[in-house]
Amino acid sequence: MSLLLQPALTAAALTDSVIVGFSGGKDSVVTLDLCARHFKRVEAYFLYYVPGLSFQEKMLRWAERRYGLSICRLPHFELADMLKFGSFRPVDLSVPTVEITELYAHLRAHFGIHWIAGGERIADSIWRRAMLKKSGTIDRKRGRIYPVAHFTKPAIMAYLKMNRLPMSEESRVLGFSFRSLQPADMLKIRQHYPADFAKIKAMFPLVEAGIKHLEWYERPQQAPAV
């Protein structure tokens with residue numbers, strides 16, 4: 001049995017149903033494809049910071065068509081803290097904190113499925129390596145499955161190519177799936193997706209302040225007059 005496929009094959013022997021966290025990034029694309037191949041029932045969810053961004057919706061609609069899904073779109077659990085503590089917007093302490101465990105409980109109740117698959121990989125970082133070494137690729141305690149845990153980035157890219165799976169537009173523009181309001185990311189989105197940037201700005205009205213800071217401190221500085 002291939003080490004790369006072992007987590008998905010082993011998990012499929014435990015259950016025929018799984019919920020997949022789909023971000024549109026390359027790791028989640030491979031995770032969803034593996035689950036679609038090995039599980040009888042597959043459902044998926046997508047977590048957004050700003051709803052309805054065109055580059056994200058394009059990838060979501062592709063996945064829905066290919067796998068016959070209706071992907072559940074939900075606010076990212078981190079969004080609650082962004083609204084509460086004023087990330088590029090006024091503080092609103094009335095917003096309740098949302099724990100990831102609450103999100104998982106909602107998804108399990110909504111779909112009636114216990115196991116949740118994610119695209120975490122051992123090679124992602126030291127933290128991911130430690131987490132997956134501790135939990136294993138099938139975490140019975142937390143009800144989590146990590147089908148691409150043993151994949152390296154080259155292996156992910158090879159799988160995409162072999163199975164003719166696309167990379168999302170945002171991955172080509174940003175280098176990864178949209179995940180924060182970092183100024184460098186916002187600058188690229190403003191350049192490539194102005195209508196989507198307007199949606200982001202409507203929700204986070206001060207987001208251009210970060211871009212201005214980036215532009216000011218990274219632009220070439222003129223030599224002082226003599």
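Anything mentioned here points back to the structure above.
Presented here is a report on the structure given in the accompanying data block.

How each quantity is defined
Per-chain numbering applies: the sequence of each chain, read as written, is numbered from 1 onward. Predicted model: local features are reported for residues with pLDDT of at least 70 only, side-chain atom pairs are reported and counted for 80 or more only, and whole-chain, interface and lining totals are derived from all residues. Excluded from the side-chain calculations are hydrogens and water; all other atoms, namely the structure's heavy atoms, are used. Ring pairs are drawn from Phe, Tyr and Trp, using the six-membered ring of Trp, whenever the two centres fall within 6.5 Å, and their geometry is named by plane angle: stacked under 30 degrees, edge-to-face over 60, tilted for the rest. Helical segments are the DSSP runs of H or I of at least four residues, strand segments are the runs of E of at least two, and each set is numbered from the N terminus. Buried, partly exposed and exposed residues are distinguished by accessible area as a fraction of the type maximum, computed with a 1.4 Å probe on protein chains only: under 20%, between the cut-offs, and over 50%, respectively. For a Lys NZ or an Arg CZ to count as sitting over a ring, it must be within 6 Å of the ring centre and within 35 degrees of the ring normal. At least two bridges found by DSSP between two strands is the condition for calling them paired. Note on definitions: a residue-residue contact is assigned when non-hydrogen atoms from the two residues lie within 4.5 Å. With axes taken as lines fitted to C-alpha atoms, and helix axes fitted only over the stretch in contact, angles between N-to-C directions fall between 0 and 180 degrees. Within this analysis, the arc is defined by the directions that extend from the helix axis to the C-beta atoms.

## Describing the packing of aromatic side chains
Applying the stated rule across the entire model yields five aromatic pairs. A centroid spacing of 6.2 Å and a plane angle of 85° characterise the contact between Phe55 and Phe178, whose relative ring orientation is edge-to-face. Of the two residues, Phe55 is situated in helix 3 (residues 54–67) and Phe178 in the loop between helix 8 (169–174) and helix 9 (183–192); the sequence distance between them amounts to 123 residues. Assigned by exposure class, Phe55 and Phe178 land together as buried. With a centroid separation of 5.9 Å and 90° between ring planes, the pair formed by Trp62 and Tyr67 is classed as edge-to-face. Comparing Trp62 with Tyr67 shows no difference in burial state: the two are buried. Each residue in the set Tyr49, Phe55, Phe178 and Tyr193 is aromatic and connected to the rest through ring pairs, giving one cluster. The residue whose ring lies beneath Arg179 is Phe176, and the NZ or CZ to ring-centre distance is 3.8 Å.

## Section: the sheet that holds strand 5 (residues 138–139)
What the six strands build is an open sheet, ordered 3-2-1-4-6-5; its pairing is mixed. The sheet is open, and its two borders are formed by strand 3 (72–75) and strand 5, each paired with just one other strand. Pairing of strand 1 (residues 17–21) with strand 4 (residues 116–117) involves two bridges; the strand directions are parallel. Residue pairing across strands places Val20 opposite Ala117, the latter belonging to strand 4. Relative to the sheet, helix 2 (residues 26–38) contacts strand 1, strand 2 (41–48) and strand 4, its axis offset from that of strand 1 by approximately 170°.

## Points about helix 7 (residues 153–162)
For helix 7, the set of buried residues is Ala155, Ile156, Tyr159 and Leu160. Around the axis of helix 7, the buried residues are gathered within 140° of arc, so they sit on the same side. What points out from helix 7, more than 90 degrees from its buried face, is the exposed set Pro154, Lys161 and Met162. Buried positions along helix 7 lie against helix 2. Just past helix 7, the residue Arg164 takes up positive phi, approximately 55°.

## What about the environment of Pro51?
Counting through the fold element by element, Pro51 comes out in the loop between strand 2 and helix 3. In this structure the C-alpha to C-alpha distance between Pro51 and Pro183, which are 132 residues apart in sequence, comes to 19 Å. Contact partners of Pro51, with chain neighbours within four places excluded, come to Lys199 and Met203.

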